[in-house]
Amino acid sequence: MSQVYDRVALIGLGLIASSMFWAIKRAGLAAEVTGYARSEATRDTARKIGLCDRICDTAQEAVEGADLVVLCVPVGAMGAVAQEIAPALKSGATVSDVGSVKRHVIQDVSPHIPQGVHFIPAHPLAGTEHSGPESGFAELFDNRWCLLVPVEGSDPEAVARLRSLWTGLGSNVDEMDADHHDLVLAVTSHAPHLIAYTMVGVADDLRRVTDSEVIKYSAAGFRDFTRIAASDPTMWRDVFLTNKDATLEILGRFTEELFALQRAIRTGDGDQLFDYFTRTRAIRRGIIDAGQDTDAPDFGRGNTNP
Ligand code: NAP
């Protein structure tokens, strides 16, 4: 793979930014990558582990002369960061982000994008429950989807270039409208995370009653829940606050189905349960056939799809 951008700036240096950096280096996608994080501790760690070619002490310094700036901070912080960097953006540059919610980011960031700068939101559907500058690895995006969410008037050439970057990072790339993105992610990621958080909370309450049995006999399904529920609290707080409508819509439907299954159990309606589980099994088969997971019984796997 050859160079796509001369200079890339990563703002926020956590799991996603550090994985992007290692993957950019792996494929030689940029001549120089600068980085900035708000805390000195994160910047120090980044310097120590060789994350980015140059770590800057201000966000403005990091974006100066950059052809691509990627905002890799929690969704709720995107607007403030965009405002901070706006005066230092180079004309013709592209600003993108990796936020898990798109409509809210577009609303918060767009007003700060200067004339002559492209804004192309994006969301890599890859992650782990780990966070921080030391959690990244070059393979994170391999064979995962990255959704580009161009806004009105997005320059097709700038979109194509960003697409090349994500392809070079190992991803399969698709384009999607912001509202559709937020609904799809509410179904595939946001609501499941909330359910995992809840289930682990319930089990924790139960543990007080049954001593350590919940952990000791933690079977595959529950272990997966605990891994998901270990995800970064700031990131997930922001996801729910900013994808409110779609998440509430899906949770409403979820609650209805849960009540229906609860009733089937109470009334001993085995046919209903069997039919339901047969349908969900076919969905799982479809995911495997589409190459988005393997059949291996690896419930402790590290790679999820936020
Ligand atoms: P992370 O590992 O927790 O890192 C977050 C970074 O953002 C840190 O460098 C942190 O700076 C900075 N930050 C936090 N709050 C900030 C604020 N209020 N203002 C400015 N900077 C702030 O996060 P991540 O997992 O890389 O996630 C980054 C973005 O990617 C989020 O928008 C998330 O929705 C999205 N995303 C995450 C995943 C995932 O699985 N983790 C997957 C896809 C997309 P300090 O270190 O200095 O505190």
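Each residue is numbered by its place in its chain's sequence as written, counting from 1. Where totals are concerned, whole chains, interfaces and linings use all residues; where local detail is concerned, this predicted model gives features only for residues with pLDDT of at least 70, and gives and counts side-chain atom pairs only at 80 or more. The side-chain numbers reported here are obtained from all heavy atoms of the structure, hydrogens and water having been left aside.

Asks: How would you explain helix α4 (residues 78-85) if you had to name every residue and give the values?
Replies: Buried residues of α4: M78, G79, V81, A82 and I85, and no others. Down the axis, α4 shows its buried residues gathered within 165° of arc, on one side only. Facing away from the buried side of α4 by more than 90 degrees, the exposed set consists of A80 and Q83. On its buried side, α4 packs onto β1 (5-11), α3 (59-63), β4 (68-71), β5 (94-97) and α5 (103-109). For every residue, the accessible area (1.4 Å probe, protein chains only) is compared with the maximum for its type, and the residue is labelled buried under 20%, exposed over 50%, or partly exposed between those bounds. Only runs of H or I of at least four residues qualify as helices and only runs of E of at least two qualify as strands under DSSP, and these elements are numbered from the N terminus. By construction, the arc corresponds to the directions joining the helix axis to the C-beta atoms. We call two residues contacting when some pair of their heavy atoms lies within 4.5 Å.

Asks: Let's hear about the site of the ligand: which residues, and what values?
Replies: Taken together, 28 residues lie near the ligand, and L13, S39, T42, V73 and S100 sit nearest. Within the backbone of V73, one N or O atom sits 2.7 Å away from an oxygen atom of the ligand. S100 is positioned such that a nitrogen or oxygen atom in its side chain is 2.7 Å from an oxygen atom of the ligand. Reported accessibility uses the Shrake-Rupley method at a 1.4 Å probe radius. Residues are deemed covered only where the shown protein chains occlude them. Protein chains bury 86% of the 910 Å² of accessible surface belonging to the ligand in isolation. Residue assignment for the shell around the ligand shows that the elements contributing at least two residues are α1 (15-27) and β7 (122-124). Note on residue classes: Ala, Val, Leu, Ile, Met, Phe, Trp, Tyr, Cys and Pro are nonpolar, Asp, Glu, Lys and Arg are charged, and everything else, Gly too, is polar. Along the lines of polarity and charge, the residues of the shell around the ligand split into 15 nonpolar, eleven polar and two charged. Only heavy atoms are used to decide nearness, and a residue is near a molecule or strand if one of them lies within 4 Å of it. Whenever a nitrogen or oxygen atom comes within 3.5 Å of another N or O atom, the pair is scored as a polar contact, on the condition that within protein one atom can donate a hydrogen and the other can accept it, and that pairs from neighbouring residues in sequence are kept only if both atoms are in side chains.

Asks: I'd love a proper account of the confidence of the model for the protein, names of residues and values included.
Replies: Do not read the fine detail of predicted coordinates wherever pLDDT is low. How sure the predictor is of each residue is captured by pLDDT, a score from 0 to 100. Taken over all residues, the pLDDT of the protein has a mean of 92, while the share at 70 or more is 93%. Overall, residues 298-306 carries pLDDT values under 50, and its contacts beyond four positions in sequence, including any with other chains, amount to 35 contacts.

Asks: Quick one: what's the story with the side chain of D97, residue by residue and with numbers?
Replies: Inspection of the secondary structure assignment puts D97 in strand β5. On the basis of relative accessible area, D97 is assigned to the buried category, the value being 0%. Among the polar contacts listed, one links the side chain of D97 to the backbone nitrogen of G99, at a separation of 2.9 Å. Here A122 takes part through its backbone nitrogen, which lies 3.2 Å from a polar atom of the side chain of D97. The contact partners of D97, leaving out residues within four places of it in the chain, are V70, L71, M78, K102, V105, I120, P121, A122 and H123.

Asks: Would you mind going over the pairing of β1 in detail, with residue names and values included?
Replies: Taking burial as the measure, the seven residues of β1 include six buried ones, the bulk of the element. Where β1 lies against strand β2 (residues 30-36), six bridges are found, and the strand directions are parallel. Each residue of the ladder has a partner; that of R7, found in β2, is E32. Throughout, right-handed denotes a crossover for which the path from the first strand over the helix to the second runs clockwise when the strands point away from the viewer. Of the crossover connections in this fold, the one passing from β1 over α1 to the parallel β2 is right-handed. DSSP calls a pair of strands paired once it identifies at least 2 bridges connecting them.

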